[in-house]
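# Breakdown of the fold
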Amino acid sequence: MRAKERCKLIGKNVFECFKRSFSSGFMYWMAGTILMMLTMKGNLATGLTAKRLTWTIVCMGAAIAYSAFVAYVCGGTHYEMLVSGNMKRISAMNMGTEFKISSHKIEKEYRIWKGFAIGGFIALITLIAGIFFGANQAEINKIAVEGQNPTKVVAVFALIFFVFTGWSVLPFFYANAAGAAISYYLCCFMAIIPIAVYGGMYIAGAYGRRRKSIKAQELADRAAAAEAAKPKKINYGGLPGTKPKKRK
């Protein structure tokens, strides 16, 4: 493969992973928005109360469950595309010509790293939020601890990150509001969650589809073997005297 073709393939793979991250990423963003709307009410100094912790777990659980489902389906779809690609490559190797499969896209073939790459795109904004909050901890604490207004730039970006990554930032924010003094850089570790969930379920989806295909093939082979084992009926033409009489 030439360098130009290789670069083009890499670009297609990256864009495919980026596209696949949107549905799960949107669910994480929705979880952050809902969590902020439900928990920002009341006195921030009370910290991470039982109610706030419960809503955090519920919102995170919903986002994780949806992302796991999407990743499982994606893994199965990419596995089927890999099977189609292998058929084309084997035909080209053995016969010199490839099967023409119009639905096949090489960038949609299953690869182990793709699940973690898609999760990485989902987690990117979470990582950026953790770095931003950690670098501006003193300004953020004006909101959480002192009840003051930070600089306009910090306030705008803080609101944006609360909306998109509230599920990862708000627990630390409420803990600091109660005087815990936790570094916001620890929010960066929350980025591991979407990466691990999507990567693991993507692999599970591929193996699940593989098991389903193998089982279906085994059932088809058994049915074919059973059909072949049945005694074949002889057609005598339906003429009088051509069919042997049954013995009493």
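In what follows, the structure referred to is the one given above.
Here's a quick rundown of the structure. Just so it is clear, the structure is predicted and the values come from calculations on it, not from any experiment. (Residues numbered from 1 in each chain as written. Predicted model: local features only at pLDDT ≥ 70, side-chain atom pairs only at ≥ 80, totals over all residues. Heavy atoms only, no water.)

## Some points on the overall build of the protein chain
Scanning the protein chain for helices and strands turns up six helices and zero strands. Taken across its 248 residues, the protein chain has 35% of its residues classed as buried. Considering only contacts within the protein chain whose residues lie at least 6 apart along the sequence, 77% involve residues at least 24 apart. (Helix = DSSP H or I, 4+ residues; strand = E, 2+ residues; numbered from the N terminus. Buried < 20%, exposed > 50% of the residue type's maximum accessible area, 1.4 Å probe, protein only. Contact = heavy atoms within 4.5 Å.)

## Concerning the packing of helix H1 (residues 3-39) against helix H5 (residues 152-177)
Two numbers describe a pair of packed helices, the interaxial angle and the distance between the axes. Packing of H1 against H5 leaves a shortest axis separation of 7 Å and a crossing angle of 60 degrees. Considering the relative orientation of H1 and H5, their crossing is left-handed. Seen from H1, the contacting residues are Tyr28, Trp29, Gly32, Thr33, Leu35, Met36 and Thr39; seen from H5, they are Leu159, Phe162, Val163, Phe164, Gly166, Trp167, Leu170 and Tyr174. Of the residues in the contact of H1 with H5, the class split is eleven nonpolar, four polar and no charged. (Axes fitted to C-alpha atoms, helices over the stretch in contact; angles between N-to-C directions. Left-handed = near helix turned anticlockwise from the far one by under 90°. Nonpolar A, V, L, I, M, F, W, Y, C, P; charged D, E, K, R; others polar.)

## Thoughts on the packing of H1 against helix H2 (residues 50-95)
Where H1 meets H2, the closest approach of the two axes is 9 Å, and the angle between their N-to-C directions is 165 degrees. In terms of their interaxial angle, H1 and H2 are classed as roughly antiparallel. Here the hand of the crossing between H1 and H2 comes out right-handed. (Parallel < 35°, antiparallel > 145°, perpendicular 65-115°, else oblique.)

## Quick look at the pattern of salt bridges
What the rule picks out here adds up to four salt bridges. Between glutamate 16 and lysine 19 there is a salt bridge, and its shortest N-O distance comes to 3.8 Å. Of this pair, glutamate 16 and lysine 19 are both found in helix H1, three residues apart, which corresponds to roughly one turn of the helix. In this structure, glutamate 16 engages arginine 20 in a salt bridge whose closest nitrogen and oxygen atoms are separated by 2.9 Å. Here arginine 20 and glutamate 16 lie together in helix H1, a separation of four residues that amounts to about one turn. Under the relative-accessibility criterion, glutamate 16 is labelled buried at 3%. Look at the salt bridges and you will find they share partners, linking Glu16, Lys19 and Arg20 into a network. (Salt bridge = Lys/Arg side-chain N within 4 Å of Asp/Glu carboxyl O.)

## Some words on the environment of lysine 12
Within the secondary structure layout, lysine 12 lies in helix H1. When its relative accessible area of 37% is taken as the criterion, lysine 12 is described as partly exposed. Remark: the alpha-carbon pair of lysine 12 and glutamate 107, spanning 95 residues in sequence, is separated by 5.9 Å.

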